[in-house]
Amino acid sequence: MSISAPLSSGISAEAVRRRLHGQRFDLPGIVVHVALLLSLLFSLVVLGVLVYDLVSGGWDVFASRFASFLSGTMRFAASESGIAQALRGTLWIGVFVVALAFPFGIGAAVYLEEYAPDNRLTRVIDINIRNLAGVPSIVYGILGFAVFVKTLSGLTGGRSVIAGGITLAILVLPVVIITAAEAIRAVPDDLRQGGYGLGATRWEVTRTQVLPYAAPGILTGTVLSLARALGEAAPLILVGAVVGRLGSNPGLFDIGSLDQRFTALPIVITYWAGLPQPDFRALTAAAIVVVLAIVLAANAAAILMRNRYESKRG
Amino acid sequence: MSRPRGTTVPTHETVAAVSTRPDLRRGDEGEGAGSKPLVFGVEDVSVYYGGFRAVRNVDLAIGQQEITAFIGPSGCGKTTMLRCFNRMNDLIPSARIEGTISYHGVNLYEDGVNPVEVRRRIGMVFQKPNPFPKSIYDNIAYGPRIARLDGDMDELVEQALRRAALWDEVKDRLKDLAMGLSGGQQQRLCIARALAVDPEVILMDEPCSALDPIATGRIEDLMEEIKSSYTIIIVTHNMQQAARVSDRCAFFTAEVNETSDTRTGILVEFDRTEKMFSNPADERTENYVTGRFG
Amino acid sequence: MAQLITSQPGPGLTSADLRGDPRRMRKETVVRGLLFAAAATSIIISGLIVYSLVRETWTFVSQVDWALVWGDGWFPRRGQYDIKTLLVGSLIVTVVGLAVAGPIGLGAGIYLSEYASARVRKVIKPTIEVLAGVPSVVVGFFALTFISPEIIQRFREATPQQTMAAAGIGVAILIIPLVASISEDAMRSVPRSLREASYGLGARKVTTVGKVVLPAAVSGLVAAFIVAFSRAIGETMVVFIAAGKSGGSLFETNPLEPGLTMTAAMASIASGTDSVVGEALTFQSLFFVGAILFVITLALNIVADRFVRRVRERY
Ligand SMILES: Nc1ncnc2c1ncn2[C@@H]1O[C@H](COP(=O)(O)OP(=O)(O)OP(=O)(O)O)[C@@H](O)[C@H]1O
Ligand SMILES: [Mg+2]
């Protein structure tokens, strides 16, 4: 306290303090801050309202006939309809995405990050992948229709879940590549150098050092892509998923009928959402809750997993 | 564990015989019969990164079971030069080498030579300890496994750790993650990891620069110990270290190019370490080792 | 016997000794080939997209009566292919979407990058990312059954339930996370030193953000908007469910009326009866619209990429 007295100038400590504290009330600052915060919270509110609205809309269906809703087929009467065929289609689409998009996507990412020479071809591939990621999903539907429904109908059976599954695998492939490449890029170079220094080949370094380290990041990206594929409808409409009542109902694991016509959860939602009868509203909401449960659970798991690893590794 | 060995005409070149340039010829006091067989012969090597020449016209001779130190100011190309000996520079797409480096008479850069095999025989220890995110055991076993060396892995791991003077400290926690070790222990682990693939040469790039003096001392002791079985090249910024551990010393510096604003590394002097530190032939060496420069 | 016999390859080492295990090397070559094939697949996919679009588009373009392509409305089953109906429909939905998502997404991005504490970020960012994962059919249904009756019809009762505005707001919900994350990235890449220079001059936070950070990040923000535009114009299901007019539409410029976009027009041709009836070119018109959409989004993405690159080069 002894030195707080002014030395020579006539300014009192109180005056200095007042100046340093400045204006207490920064109105524009506060207004902007609040506006920004509100726009941030908007997403949360929307998500909350959306989930609440749909869960409450579909609740009756779950409460009154959960099992028959899951195991039922598509009927004229809402009270008898169920999503068994849609679940089957969605399951098989998931299988195709996992079986095709994951290995091809991770393989391409490994090539681009670990192997590719810095030449023209590599740059073309790189730019091409980023452009593919921006192509609207319905255009992939056109690809699926022209190639897998028409040209290769002998292999796919035409408008089948095979054609739909391959199309969605292609749709998410660029995203799988981009996220996997990002995860691989984050692997510290020390590890690679250590491996090479001991006489490991490129593939040995990749398999034993790079991929294990990048695995959580790659897994996050792949799960997010899978979730995206399971929620897609537009390409499936083009590929000929049945937007209407589907008669056949083969078993979940009946591989022999994979070349038959099919439907999937997002397609059933689209169809029911367009029906005028109010009973189908509740049914649509219930189907949406099922799809949201699958997709959001996958999303949340992937995001949490990534955040955990990020904070662990600093 | 045996490895196929060629049976061509033995050529007992010696280090003293290789260089014709007077400034590179080994000091002649007391050498003669004692000169070691030659492991590496470096002739007129220049290294480029794209269009940039990082080092030029280097001639060197590395003797067997000796410790050779590379010293010189930052950016003069010591690391660049070192990484040529096990073709680590192949991993940098822009890097290119001119001249020849022969290893027991075989040009390391000739067609048919496989960098992977070269690196197995010529191990490397890095500036920052870089243990793999695996157990201590798996770190050591990594090299032998990929090289498909057969035999009792437990025994091999133990021997490698013993050679690196780390066994007693870690024998009870071989399954623990290597990252739990101290920095000095990690670096000795990296040395043990390199020894486990049974190399002949070990390249060390400032292996102690991330360590405290005590850990540094232990690594220096270790080098002294294993030198009877291995040929070692070490890059260091630490004059005392170079003077303490090395048999021979190569002093590099960077010269500014007149035409462009770039710097290219050159080898100034290469001689026995005592000579380099007591009676260097070149003024620049003297300035550097006495701390007047760099 | 595993022993570290330090086998010194004395004189007599030959280049054959440095060749390495041929089996390992062969494996390396095979793996490299496979990985390259995986990467090259992306080129094949691009080729297939173009191949799929070009053939039928060519049939359409070469056979159609062009007076019908710039006419009174989009009724493909009756042979009326007025493309401006679809272009304007797409534009209206996209503009509504961006008008809502632009400010909100940008605001969220600014808050996350400049204001949020680490704790807030940690909770809110994942939530926004989860919103990004909501399938578009779900948002479409939400727009139809919630946004339209609970919001739009409250303001103007006479509005039909299916409108381009409702679809536009639905599209906005889908692209807010995108705008937020790209603009946040753009602002985070503005170097600290710039902000400190501003604070060092005694500027307040609002001033620093508005006068220093935003201008410095402008390339990235532009990129965010272009990417969002591209996403919005390619969005199908929200519009298909919430904007009405699936069969065909007259030229319509009022957002509070039902309308048809390029994407919804394609989906309704495809989801119609199995054998497309009506004019012979109905089926081909789908490809024609698809080709236009593809070219538009491709151009937008290329431009956006330029802007993103500019950010990277600068810092
Ligand atoms: N990967 C690379 N690409 C381009 N230039 C490089 C690369 N690595 C090194 N250089 C350049 O080559 C020159 C020599 O670098 P080098 O790392 O060999 O020096 P050094 O003597 O090891 O330095 P230090 O003592 O700091 O480790 C420097 O000018 C450096 O900038
Ligand atoms: Mg160096």
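Check the entry above for the structure.
Here goes a summary of the coordinates provided. Worth saying up front: this structure is predicted, and the values here are computed from it rather than measured.

What counts as what
- Residues numbered from 1 in each chain as written.
- Chains lettered and ligands numbered in written order.
- Predicted model: local features only at pLDDT ≥ 70, side-chain atom pairs only at ≥ 80, totals over all residues.
- Heavy atoms only, no water.
- Helix = DSSP H or I, 4+ residues; strand = E, 2+ residues; numbered from the N terminus.
- Contact = heavy atoms within 4.5 Å.
- Expected span 1.5 Å × (residues − 1).
- Buried < 20%, exposed > 50% of the residue type's maximum accessible area, 1.4 Å probe, protein only.
- Buried area = accessible area lost by both parts, 1.4 Å probe.
- Salt bridge = Lys/Arg side-chain N within 4 Å of Asp/Glu carboxyl O.
- Polar contact = N/O pair within 3.5 Å; in protein donor to acceptor, adjacent residues only side chain to side chain.
- Near = heavy atom within 4 Å.
- Nonpolar A, V, L, I, M, F, W, Y, C, P; charged D, E, K, R; others polar.

### As for the environment of Thr80(B)
Phase 1: Its location among the elements puts Thr80(B) in helix H2 (residues 78-82).
Phase 2: Once residues lying within four places of it in the same chain are set aside, the contact partners of Thr80(B) are Val47(B), Tyr49(B), Ala54(B), Val55(B) and Asn89(B).

### Re helix H7 (residues 161-185) of chain A
Phase 1: Spanning 25 residues, H7(A) covers 35 Å between terminal C-alpha atoms, matching the ideal 36 Å at 1.5 Å per step.
Phase 2: When you tally the buried positions in H7(A), you get 20 out of 25 residues, the bulk of the element.

### A few points about the interface of chain A and chain C
Phase 1: In this assembly, 79 residues from chain A lie in contact with 74 residues from chain C.
Phase 2: In this assembly, chain A packs against chain C so that about 6,800 Å² is buried in total across both faces, 75% of it on carbon and sulfur atoms.
Phase 3: The largest share of the area that chain A buries against chain C comes from Leu36(A), Leu40(A) and Ile142(A), three residues that together contribute 9% of it.
Phase 4: Here chain A is connected to chain C by three salt bridges.
Phase 5: Of the charged contacts in the structure, one is a salt bridge between Glu204(A) and Arg24(C), with a shortest N-O distance of 2.8 Å.
Phase 6: Counting across the chain A and chain C interface gives 14 residue pairs in polar contact (both at pLDDT 80 or more).
Phase 7: Top element by residues in the side of chain A that touches chain C is helix H2 (residues 27-71) of chain A. It accounts for 18 residues.

### A closer look at unusual backbone geometry
Residues and elements named next belong to chain B.
Phase 1: The phi torsion at Gln65 lies on the positive side, around 55°, for a residue other than glycine.
Phase 2: Counting through the fold element by element, Gln65 comes out in the loop between strand E2 (52-63) and strand E3 (67-71).
Phase 3: Residue Gln65 is classed as partly exposed on the basis of its relative accessible area of 26%.
Phase 4: Phi at Glu206 takes a positive value of approximately 45°, unusual for a residue other than glycine.
Phase 5: Looking at the element boundaries, Glu206 is found in the loop between strand E7 (201-205) and helix H8 (213-226).

### Description of the site of ligand 1
Residue and element names in this part refer to chain B.
Phase 1: As a matter of local geometry, ligand 1 sits amid 13 residues, with Ser74, Gly75, Lys78, Thr79 and Thr80 nearest to it.
Phase 2: For ligand 1, an oxygen atom lies 2.9 Å from a polar atom in the side chain of His237.
Phase 3: Secondary-structure elements contributing two or more residues to the shell around ligand 1 are E2 and H2.
Phase 4: At three residues, H2 tops the list of elements feeding residues into the shell around ligand 1.
Phase 5: For the shell around ligand 1, the residue count by class is five nonpolar, six polar and two charged.

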